[in-house]
Amino acid sequence: MRRPAPKVKPRRVRPKSFPAAVAGWIANQNIARPDPNAPQGAWVYENILPTATGGEMRRGNDIFSTMPTTAKPVLSLFSYKSGNLQALFAANENEIADITSAPTNKLTGLTSGDWSVVQFVNTNGQAFLRGVNGSDTPFVYDGSTFSTTPALTFAVGVTVTANQMARVWTYKNRLFFIQKDSMDAWYLPVNVMGGELVKLPLAGVFNRGGSLLFGSSWSIESGDGPNEYCAFVTTEGEVAVFAGANPGDADTWQKIGVYRIGKPLGAKAFFRGGGDLIISTSIGVVPLSQAMQRDYAALSSTAISYNIETAWNSTVAERDSAPWCCEIWPEKQIAVIALPTLTGTAPQMFVVNTRTGAWSNWTAWDGNCLEVFNGRLFFGSKNGKIVEGFTGGTDQGMPYTSTYIPLFEDMGNPLSKKIIRMARAVLRTAITTDVQLTIQADYIVNLPVAPSAPLIPALNEWGAAVWGQSVWGEGRVKEIQQDWESLPGEGCAIAPCARITSGSSIPLDTEIVRIDLTYEETDIVA
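The structure reproduced in this document is the subject of the present report. Treat the numbers as computed from the prediction; the structure is a model and nothing was measured.

Calculation criteria
Residues numbered from 1 in each chain as written. Predicted model: local features only at pLDDT ≥ 70, side-chain atom pairs only at ≥ 80, totals over all residues. Heavy atoms only, no water. Salt bridge = Lys/Arg side-chain N within 4 Å of Asp/Glu carboxyl O. Helix = DSSP H or I, 4+ residues; strand = E, 2+ residues; numbered from the N terminus. Buried < 20%, exposed > 50% of the residue type's maximum accessible area, 1.4 Å probe, protein only. 1 Å grid on protein atoms, 1.4 Å probe; cavity = no way out; pocket = protein on both sides within 12 Å on 5 of 7 lines; lining within 4 Å. Points joined across faces, edges and corners; volume = space filled by probe spheres on them. Nonpolar A, V, L, I, M, F, W, Y, C, P; charged D, E, K, R; others polar. Lys, Arg positive; Asp, Glu negative; His and termini not counted. Polar contact = N/O pair within 3.5 Å; in protein donor to acceptor, adjacent residues only side chain to side chain. Contact = heavy atoms within 4.5 Å.

**A few points about the pattern of salt bridges**
Within the structure shown, the criterion is met by 19 salt bridges. Residues Glu520 and Arg421 are paired through a salt bridge, measuring 3.2 Å at the closest nitrogen-oxygen approach. You can see Glu520 sitting in strand β41 (residues 511-524) and its partner Arg421 sitting in strand β35 (residues 416-429), a full 99 residues away along the chain. The partly exposed category is assigned to Arg421, whose relative accessible area is 37%. Across the salt bridge formed by Asp516 and Arg424, the nearest N and O atoms sit 2.8 Å from each other.

Given below as structure tokens:
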């Protein structure tokens, strides 16, 4: 007896939304089963400013100044701020130039550009800069003139010279110094810029050898409060912490402990977050406060860089032969880590939101050193260039592309294939933006050629508006852009990809809200 064939139920079209990646770039989770209780993370989060609400397309960079000698890279940036007097300086191997306005050489005939500089106030309340580099005679800057006085001197019979001082910092109103390639620190009396240095030998404090790399004040409070300590960091990843105001007074100068943190990635690979000392190391970005509380073997899980642990480890393996540099940018609530550009590697910086811990990867930014000056970020680059970051809509006239790929999703069923039908990127933008949407499948990222930059009307661009017709500020009010489009793609695990290219002098400042898609789910794939 013939029976009617069973009815084939039509596949149901289902929706799926991928919110903005509040958690930022993630590279430390099981790729097939991300933490379902964690905020949305990203498989790729490139050229995006991580914010508390998700992410915004970063701005570009442009040349701010150029050293008088352009043949050599800029190796150090530092600034002076006292009242209304503010100045920004850059150094290459042989020169120090004032680049606040037109670049002007202040010191020449030098042999190293790796300057360590600190601002210090003497007993008369006058602010000075003291700079050392382990090679040249230390300088003093008083707000108008560079000089070598007051000089750093030594007791009779001491063979060490001032040009061997490689790092300098302040602690309890004293200047402390590190002698290059040694385990010896030196210090001055309270509130003085020069004079006879007193030796502080530290070889017997550490167990793993190496030499002192840098030092810093450190506090368990925000700022430099009564619980301020002095930290000495070695090339082998040990930190000795001392309390007390005078190393020469055994009754008050006490060792708190010696802690292991992983090998520091450079003498400038640290920043102060509140009072804490945060160091970029071979095992991650480690706060000293965590190193004091945990064993070295368990330290990487408490690192600020834990969310990108595997990417951090591979980058360290690739680029640890040259020094890294770190800088905190309070106005943007981010910390920036400039990676060295070595043979076979591309220019790159890592960025972390200091409030949320969300990470992003910024490409094509080639920096040897960093400095925040008047709320603006600068980095020293090759060919004598000093570059301002996060300005305009191009990287020195070249377009760049922001890419967001959420973590892959199997929609609760890893055995069935998902067939994508439509998708849209939901954006907040002041300028209509061309978004390239693609589907990435089964944990493989295969990106097409980057999209073209949108054409931006002049509107209120400086020098392009029409007097009496254009309205200042018009065209910068953000609106929602959410256009659906048919989008081919299929796989057992899916991740949509949104890419936007910026190529105009006007920054797009486009915010990612979410990516929506619709899909059909097949039966279990045999």
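**Some words on the layout of surface pockets**
When its volume is computed, the largest pocket comes out at roughly 1300 Å³. Lining the largest pocket we find 45 residues, and of these Val117, Val118, Phe270, Glu327 and Glu371 sit closest to its centre. Elements that contribute at least two residues to the lining of the largest pocket include exactly β6 (76-82), β10 (116-121), β15 (165-171), β20 (212-219), β24 (270-273), β27 (325-329) and β31 (369-373). Residue lining of the second largest pocket: 31 residues in total, with Asp114, Arg167, Gly266, Ala267 and Pro323 positioned closest to the centre. Elements supplying a minimum of two residues to the lining of the second largest pocket: β15 and β20. Within the lining of the second largest pocket, the residues separate by chemical class into 15 nonpolar, 10 polar and six charged.

**Considerations on the side chain of Asp276**
Along the chain, Asp276 turns up in strand β25 (residues 276-281). For the buried Asp276, no salt bridge exists, and the shortest N-O distance to an oppositely charged side chain is 7.2 Å, to Arg272. Within the structure, the side chain of Asp276 is placed 2.5 Å from the side chain of Ser289, a separation counted as a polar contact. What Asp276 contacts, discounting residues up to four positions off in sequence, is Trp218, Ser219, Phe271, Pro287, Leu288 and Ser289.

**A closer look at empty space enclosed by the protein**
As enumerated under the stated definition, the model contains one cavity of 30 Å³ or more in all. As a volume, the largest cavity reaches approximately 70 Å³. If you go around the largest cavity, the residues you meet are Ile48, Glu56, Met57, Ser402, Thr403, Tyr404, Ala498, Ile500, Thr510 and Ile512. Taken together, the elements giving at least two residues each to the lining of the largest cavity come down to β4 (54-57), β34 (400-406) and β40 (494-502). Here the residues of the lining of the largest cavity are counted per class, giving six nonpolar, three polar and one charged.

No statement about biological role is implied by the geometric values presented.
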